Structures are given as structure tokens and as C-alpha cells.
Amino acid sequence: MKKTLITIVIIIASLGLIGYVLTKNKEKNKAKTDIVAEKNAAVSVKVAAVKTEEVALDFVANGNFQPIQELTFSAEKSGKVISVLAKEGDYVRVGQTLLTVRGDVINVSAQQAQAVFQNAKSDYSRYENAFKTGGVTKQQLDQAKLALTNAESSLKQANINVGDTKVKAPINGFINKKYIEPGSILAATPATALFDIVNVSKLKLVVTVNENQVASLKVGNTINVTASVYPDKTFSGKITFIASKSDESLNFPVEIEIANNSNNDLKAGMYGTANFGSKQQKQNLMVVPRNAFVGSVSSNEIFVVDKGIAKLRKVTAGRILGDQVEIINGLSDGETVIVTGQINLQDGNTVEIIK
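Bear in mind the structure is a predicted one, so any value in this text is a computation, not a measurement. (Residues numbered from 1 in each chain as written. Predicted model: local features only at pLDDT ≥ 70, side-chain atom pairs only at ≥ 80, totals over all residues. Heavy atoms only, no water.)

## Side note on the pairing of strand β19 (residues 324–329)
Short version of the rule: When DSSP finds two or more bridges between two strands, those strands count as paired. Only DSSP runs of H or I reaching four residues or more are called helices, and only runs of E reaching two or more are called strands; each is numbered from the N terminus.
Bridge count between strand β15 (residues 282–289) and β19: three bridges; the pairing is antiparallel. Across the sheet, Pro289 pairs through a bridge with Gln324, a residue of β19. Joining the antiparallel neighbours strand β18 (residues 316–321) and β19 is a turn of two residues, in which Gly322 adopts a positive phi near 70 degrees.

## Looking at the packing of aromatic side chains
Cut-off, in case you're wondering: Ring geometry is summarised as follows: Phe, Tyr and Trp rings, the Trp one being its six-membered ring, pair when their centres sit within 6.5 Å, and such pairs are stacked at plane angles under 30 degrees, edge-to-face over 60 and tilted between the two. The cut-offs for exposure are 20% and 50% of the maximum accessible area for each residue type, with area from a 1.4 Å probe on protein chains only; residues under the lower value are buried, those over the upper are exposed, and the others partly exposed.
Tallied over the entire structure, the rule returns two aromatic pairs. Consider the rings of Phe59 and Phe276, whose centres lie 4.9 Å apart with planes at 15 degrees: the pair is stacked. With Phe59 in strand β3 (residues 59–74) and Phe276 in strand β14 (residues 271–276), this pair connects stretches of sequence that are 217 residues apart. On the accessibility criterion, Phe59 (14% relative accessible area) is buried. Judged by relative accessible area, Phe276 falls into the buried class, the value being 1%. Between Tyr91 and Phe174, the ring centres sit 5.1 Å apart and the planes meet at 65 degrees, which makes this aromatic pair edge-to-face. One end of the pair, Tyr91, is in strand β5 (residues 91–92); the other, Phe174, is in strand β8 (residues 173–178), with 83 residues separating them in the sequence. For Tyr91, a relative accessible area of 36% gives the class partly exposed.

## A short note on the sheet that holds β15
Formally: Note on method: axes are straight lines fitted to C-alpha atoms, helices fitted across the in-contact stretch only, with angles between N-to-C directions ranging 0 to 180 degrees.
Taken in spatial order, the four strands of this open sheet run β2-β15-β19-β18, and their pairing is antiparallel. One side of each edge strand has no neighbouring strand; the edge strands of this open sheet are β2 (51–56) and β18. Each adjacent strand pair in this sheet contributes to an overall mean axis angle of 55 degrees, direction not counted. Relative to β19, β18 is paired through four bridges, and the arrangement is antiparallel. Across the sheet, Leu321 pairs through a bridge with Gln324, a residue of β19.

## With respect to the environment of Ile353
You can see Ile353 is positioned in strand β21 (residues 351–353). Since its relative accessible area comes to 41%, Ile353 is described here as partly exposed. Here the alpha-carbon distance between Ile353 and Ala42, two residues 311 residues apart in the chain, equals 9.3 Å.

## Section: the confidence of the model for the protein chain
For the record, the criterion: Confidence scores here are pLDDT values: one per residue, from the predictor, ranging 0 to 100. By definition, residues are in contact when any of their heavy atoms lie within 4.5 Å.
Overall, the predicted model of the protein chain reaches an average pLDDT of 84, with 85% of residues at or above 70. Counting interchain partners and residues more than four positions distant, the pLDDT-below-50 stretch residues 33–40 has one contact.

## Quick notes on the pattern of salt bridges
Heads up, the rule is: Only one rule defines a salt bridge in this text: a Lys or Arg side-chain nitrogen within 4 Å of an Asp or Glu carboxyl oxygen.
This structure, assessed with the given rule, holds 11 salt bridges. With a shortest N-O distance of 2.1 Å, Arg126 and Asp123 are connected by a salt bridge. Of the two residues, Arg126 and Asp123 are both situated in helix α2 (residues 104–132); the distance of three residues between them amounts to about one turn of the helix. Overall, the relative accessible area of 52% leaves Arg126 in the exposed class. When the shortest N-O distance is used, the salt bridge between Lys314 and Glu301 registers 3.9 Å.

## Some thoughts on the sheet that holds strand β4 (residues 79–84)
Spatial strand order, β7-β6-β4-β9: four strands in an open sheet with antiparallel pairing. The sheet is open, and its two edges are formed by β7 (166–168) and β9 (185–186), each paired on a single side. Pairing of strand β6 (residues 97–101) with β7 involves three bridges; the strand directions are antiparallel. Within the sheet, the bridge partner assigned to Leu99 lies in β7 and is Val167.

## Quick word on the nonpolar core
Definition in use: Joining through side-chain atoms within 4.5 Å is the link that ties buried Ala, Val, Leu, Ile, Met, Phe, Trp, Tyr and Cys residues into a set, and such a set is a nonpolar core.
Counting residues in hydrophobic clusters, the biggest one holds 25 residues, and the most contacted among them are Phe65, Val209, Ile256 and Phe276. Every element with two or more residues in this core is listed here: β3, β10 (193–209), β11 (222–227), β12 (230–242), β13 (252–259) and β14. Of the residues forming this core, the biggest block, six residues, is contributed by β10.

## Description of the side chain of Lys178
The line we're drawing: Each polar contact in these results corresponds to two N or O atoms within 3.5 Å; when the atoms are within protein, one needs to be able to donate a hydrogen and the other to accept it, and residues that are neighboring in sequence are counted only if both atoms are side-chain atoms.
Structurally, Lys178 is set in strand β8. A polar atom in the side chain of Lys178 sits 3.4 Å from the backbone oxygen of Ile180. If we ignore the near neighbours within four places in the chain, the residues touching Lys178 are Val84, Ala86, Lys87, Glu88, Leu194 and Phe195.

## Quick look at the side chain of Asn199
For Asn199, the position within the fold is in strand β10. Using a relative accessible area of 7% as the deciding quantity, one classes Asn199 as buried. Setting aside chain neighbours within four positions, we find Asn199 in contact with Pro67, Ile68, Gln69, Asn172 and Gly173.

Written out as C-alpha cells, the structure reads:
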């Protein structure tokens, strides 16, 4: 009996010990689970420090070269092309004859107009002398003068028509495309296209800049320009136009005029880069990485880390300087801003900083 009681006591003690151990293990596991849960609730982010540093204010903008003048030259008169005196690739000057149009009928008309004019001129001279001696009336003299005036106008028009048989270049430039051949029939309505003439003695590089960049630019500023196909050559240009209104992307078109070199190396349509500013132009500015902004720079919102908590901060952004952005207001030197992971963040979230 005594042995049975001892056995029961031992069993009860063992069960109690096992229960105690299990309870302790459960408490330890719960603590570990709570730690893991708390850790998993934190959003992993990368950060950068807000700092004031010396920043170069120069920037670049890309665009395409356009000719200073470009013209699709069309026929003004109808007629048949007799000869074409310019071909594609030729350089032509203002007033140079490019083609001739059949003019035999026009020349005959001009000769007739010349004869009528000479006759009217002689008649007026006779009437004028006769009027002085009373041989004709003032009305007859006026009619003779009117006939002379009309004949002179007809002669001028006939001479213009003769001149139109020689079609001349209206601008300097290269013949980029020729649309006609000897034997082509020209029409005035609709006008027959004759030549595309492109003047590349000067070119325009058309680029766009944002509102912060455009504020530092003025018409007349000298800008260094490079072409992608000539990376070792630098061309000097001047700003000739700055748009007064932004485009749909909130950028401002800027035109830079560049004088081509003697070899006309620059061609219309080439890709070019305008280098604005000078590497000597520097300022001490408070900056943050561009990717610190939530969404885009225009949002003016940045997450700041304060004691492991992400706090959404409203800031005032200044100039965009490459991969950095000037901060005018809202941050202080040494603060920590989040540069990746914002997509998963809300104001007040716990964060885990990763390297």
C-alpha cells in the first residue's frame, strides 16, 4: 500500500514538472513569435542623408538640329519645262536660274506689247504737240495719255511673264529634293512642287528645359553645342528664342542658333546636345536624391525616418540638378530620408533600414 502511494506521488510530481516545462516553452515560443511578427511588420527601406554641398549648376538638354531656312519651292505659272539646271545636292544662291519653261508664245506676246507701247508713246507725243497749237482738245490728249499708261502696264506684265520662263532660287541653300524633269508640265493651281531647298549655313538646335532651368536663361546667351556624330567637335551657339508658355509636359522650348563650319558638317535632323552653364558656376545647396520624392518631384512629398518610424513630410523643391534636387524648405541637414521602398509605406509605418 505504501509503495502504491509513493508511486502515485511520483507520477503526480512528474506530470506537474512536465506541465511546468510545457508552459515555460509556450511562453518562450510566444515571445519569439511576437518578435518575428513585430520584425515582419516593419517595411524594409533604403535611406540617404540630407546634406548641404557645393553643386554645379550647369545642365544639358538634347534635341535635333533644324535648318535656318527650309522651303518647298513651287511653280507660280503654268507651262512646259524645257531644261532643269540644278540637281539634288547642288548649292544654289538667291536669283540663280534653276529651270526654264517654254516661252515662245510668251515672247511673242511680249513683242506685241512692246509694239503697242511704242505706238501709244508716239501717239501721245503727237497729241501733246498738237494740243499746244490748238489742234486737239484736252479730252483727246487725256485719252492718248490713258492709252499710253495702259500700254506701259501691259508691257510690264509681258516682261514679267518672260522673266517667269526662267525660274530662279528664292533662297540660298542645297537642293534636297527635285520633283521635275525636262518635259514636265507645270500647273499654277494647285501649284506644282519644283524643289526642296534647305539652308544649313546656320542651324537651330531645338531643346526643352523645365521651369527651374528656364529661369536662368536669356536670349543672346552663348551656349556650347555638340553633335552626337562629332563628339570631339564643339560648336558655339546663341539662344534666339525662349518660349513664353510651357508645352503639355510643362517644359519650355528653347532655340539655339549655330553657325555651321565651312564644311557644313552639321546636317538638319542630326541629334545634338546643348551644354548650359559653366562648371565654374557652383553654389552651396541643400540637396536630396531625386528618388527620395514620393511619385515625382512635383509632389513635394518625402518620407523622413524618425526613431524607426516613417513620417511623410511636405517640402519645397527647387532646381533639379541631375540625380539631385535642391530643397528650399521642409528639411534640415542630417535628417534621414527614404529613397527606396516608398511604394509600400504609409505615414507612421515602422521601417527597417537595409544597406
